[in-house]
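Report on the structure
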Amino acid sequence: MFVSPARRPVETAPYANRDAVDAALSQTRHATIRDFLTYYAGIHPAAALPARSSFSPMALPRLLPHLVLAEVERQPDGRPARFRIKVAGEEVGMRCGCR
């Protein structure tokens, strides 16, 4: 998922990310992925990534076992960002051997 950790839209090239979402949505055959992409397309502003506040995991109850919510930790010294997993669904945990 591409949601701003700052809880505000992240500016990108106009439509660049949204076009990728639409392309993926037109090609996927998997119902779970299609449901997620449909929701994501609905909260996606035209020229930015959705803000964290726009995303509600509870809007996707059937997908909760498959979701991972991560926090982006930007490094002040220019090192690559780190991602801290805040919540991982049961299906994710089972597939990675964490549960």
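Please read all numbers here as calculations on a predicted model, not as lab measurements.

The next subject is the overall build of the chain. Looking only at helices and strands, one finds three helices and four strands in the chain. Along the chain, from the amino end to the carboxyl end, the secondary structure elements read β-α-α-β-β-β-α. Looking at the chain as a whole, 27% of its 99 residues qualify as buried. Considering only intrachain contacts with a sequence separation of at least 6, the fraction spanning at least 24 residues in the chain is 47%. When the accessible surface of the chain is split by element, carbon and sulfur atoms take 56% of a total near 6800 Å².

This brings us to the pairing of strand E4 (residues 82–88). Counting buried positions along E4 yields zero of seven residues, so the element is predominantly exposed. Of the pairings in the sheet, the one linking strand E3 (residues 68–73) to E4 comprises six bridges and is antiparallel in character. Within E4, the position partnered with Leu 69 by the bridge is Val 87.

Counting all residues, the mean pLDDT for the chain is 82, and 83% of those residues have values of 70 or more. Across residues 1–7, where pLDDT falls below 50, the model places 21 contacts with residues more than four positions away in sequence or in other chains.

Right, let's talk about helix H2 (residues 31–43) for a bit. Taking 1.5 Å as the rise per residue, H2 with 13 residues should run 18 Å; its terminal C-alpha atoms sit 19 Å apart, in good agreement. For H2, the full list of buried residues reads Thr 32, Phe 36, Leu 37, Tyr 39, Tyr 40, Ala 41 and Ile 43.

Calculation notes
- Residues numbered from 1 in each chain as written.
- Predicted model: local features only at pLDDT ≥ 70, side-chain atom pairs only at ≥ 80, totals over all residues.
- Heavy atoms only, no water.
- Helix = DSSP H or I, 4+ residues; strand = E, 2+ residues; numbered from the N terminus.
- Buried < 20%, exposed > 50% of the residue type's maximum accessible area, 1.4 Å probe, protein only.
- Contact = heavy atoms within 4.5 Å.
- Areas by Shrake-Rupley, 256 points an atom, 1.4 Å probe, with all protein chains shown as cover.
- Pairing = 2+ DSSP bridges.
- pLDDT = per-residue confidence, 0-100.
- Expected span 1.5 Å × (residues − 1).

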